[in-house]
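Residue-level structural notes
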Amino acid sequence: MFSEKQKVIHINDECVQDLKDSFSIYVRTFKHGDKELQHNIVLKEEHTKRVCLEILNIGEQLGLNEDYLRLAEIIAQFHDIGRFEQYARYGTFMDRQSENHAELGVTILKRIGILNQLEKSTKNLIFRTIQYHNRAVLPQEETETCLFFAKLLRDADKIDIWRVVTDYYHQKNFKRNGAIELGLPDTPGFSDAVYQDLINKKIVDMKNIKNLNDFRLLQIGWIFDINFEPTLYAVCSRRYLEMIRDALPKSGKIDQIFSIIDSYLDKRVKQ
Ligand SMILES: [Fe+2]
């Protein structure tokens, strides 16, 4: 999997279980107060559980050994630890209106010392992958191992955010949640800058997001930032993009975006 000479990482099952227990205890400290806060804390807790499953699923398909799978699981377990304090303090998951949740997560991990039982180099690797997980682009000056796990985490995270948003768009008794919609207005149409990004097979720049349709298109554009084939295969077989499309207006420009995505996927996914 890695061409560079790597220090062997050893993590046992007991350690993973220990860390998961500590995570639950930490999250429990946020489970009080108003209903909306509770709901959003549980939403992120459930997201975390599923990202752990997704990262293992992708990692297994890529043939990772047991130690790397356990490392991947720990990274997934803690990647969004900043979200709980973020919501409790600011009442939003919008980094722009509060603070960068990845950086906050690393600060919290260091503050509470939850990963101190791990070897220093492993702990630092986890901090760095978490720190990079929400960046527009990954840094170039990093080790191959770190970049690999950062890519793995970003794939697993996106897969589950697709699941969260598609569940949300298709819920039976539609109940709006400003935390998922990032407080964006549900106005008609979408921005030309967003459309331009997508037809150029680029991920959508967050600064161009003006309404909910732009945000849905941004979610569709994540397909251009998927790193591994098993992830692409999962997106296709679960039909996430089609489900988001159902929530968008019918338009020739949307058809054009989807035909570009179809040919992109045809090239990247072996059927
Ligand atoms: Fe996440």
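Keep in mind that what you see is a predicted model, and the values were worked out from it rather than measured. (Residues numbered from 1 in each chain as written. Predicted model: local features only at pLDDT ≥ 70, side-chain atom pairs only at ≥ 80, totals over all residues. Heavy atoms only, no water.)

Here the focus is the pattern of salt bridges. The final tally for this structure, using the stated rule, is 18 salt bridges. For Asp67, the salt bridge identified is with Arg70, shortest N-O distance 3.6 Å. Placement of the pair is Asp67 and Arg70 together in helix H3 (residues 66-78), with a separation of 3 residues, close to one helical turn. Residue Asp67 shares its accessibility class with Arg70, and that shared class is buried. Note that Arg245 and Asp255 form a salt bridge whose closest N and O atoms lie 2.7 Å from each other. Taken together, the residues Arg245 in helix H12 (residues 240-246) and Asp255 in helix H13 (residues 252-268) connect sequence positions 10 residues apart. A single network of salt bridges, built from pairs that share partners, joins Glu85, Arg89, Glu99 and Arg111. (Salt bridge = Lys/Arg side-chain N within 4 Å of Asp/Glu carboxyl O. Helix = DSSP H or I, 4+ residues; strand = E, 2+ residues; numbered from the N terminus. Buried < 20%, exposed > 50% of the residue type's maximum accessible area, 1.4 Å probe, protein only.)

This brings us to the nonpolar core. In globular proteins that are soluble, nonpolar side chains generally tend to be buried together. The biggest cluster of nonpolar side chains holds 48 residues, and the ones touching the most others in it are Leu71, Phe78, Leu115, Phe149 and Leu152. Elements with a minimum of two residues in this core: helix H1 (13-28), helix H2 (35-61), H3, helix H4 (82-90), helix H5 (101-112), helix H6 (120-132) and helix H7 (144-169). Counting residues per element, this core draws most heavily on H3, at 8 residues. Counting residues in each nonpolar core, the second largest holds 38 residues, with Ile209, Leu218, Leu248 and Ile254 among its members. (Core = buried A, V, L, I, M, F, W, Y, C linked by side-chain atoms within 4.5 Å.)

The protein atoms that coordinate the iron ion are His47 (NE2), His79 (NE2), Asp80 (OD) and Asp157 (OD), at distances of 2.1 to 2.3 Å. Taken together, the 4 donor atoms coordinating the iron ion span angles of 83 to 168° at the metal, a pattern that classifies the geometry as irregular. Spacing between the donor residues of the iron ion along their common chain follows H-x31-H-D-x76-D. A residue pair is termed long-range when its members are at least 10 positions apart, and His47 in helix H2 and His79 in the loop between H3 and H4 qualify at 32 residues. (Donors = N, O, S within 2.8 Å, 3.2 Å for Na, K, Ca; no water. Tetrahedral: all angles 85-135°; square planar, octahedral: opposite > 155°, others 65-115°.)

This brings us to the side chain of Asp157. Looking at the secondary structure, you find Asp157 in helix H7. Here Asp157 occupies a buried position and makes no salt bridge, while the nearest side chain of opposite charge, Lys44, is found at 6.8 Å. In this structure the side chain of Asp157 is engaged in a polar contact, spanning 3.2 Å, whose partner is the side chain of His79. Setting aside residues no more than four positions away along its own chain, Asp157 makes contact with His47, Val51, His79, Asp80 and His133. (Lys, Arg positive; Asp, Glu negative; His and termini not counted. Polar contact = N/O pair within 3.5 Å; in protein donor to acceptor, adjacent residues only side chain to side chain. Contact = heavy atoms within 4.5 Å.)

Once that is clear, we can look at the confidence of the model for the protein chain. Of all residues in the protein chain, 96% attain a pLDDT of 70 or more, and the chain-wide mean is 92. By mean pLDDT, the top-scoring element of the protein chain is H5 (98), and the lowest-scoring one is helix H8 (residues 178-181) (71). (pLDDT = per-residue confidence, 0-100.)

Attention now goes to helix H11 (residues 229-238). Because the α-helix completes a turn every 3.6 residues, residues three or four places apart line up on one side. If you check which residues of H11 are buried, you get Pro230, Thr231, Leu232, Ala234 and Val235. Those residues of H11 that are buried are in contact with H2, H7, H12 and H13. Looking one or two residues beyond H11, the residue adopting positive phi is Arg239, at roughly 55°.

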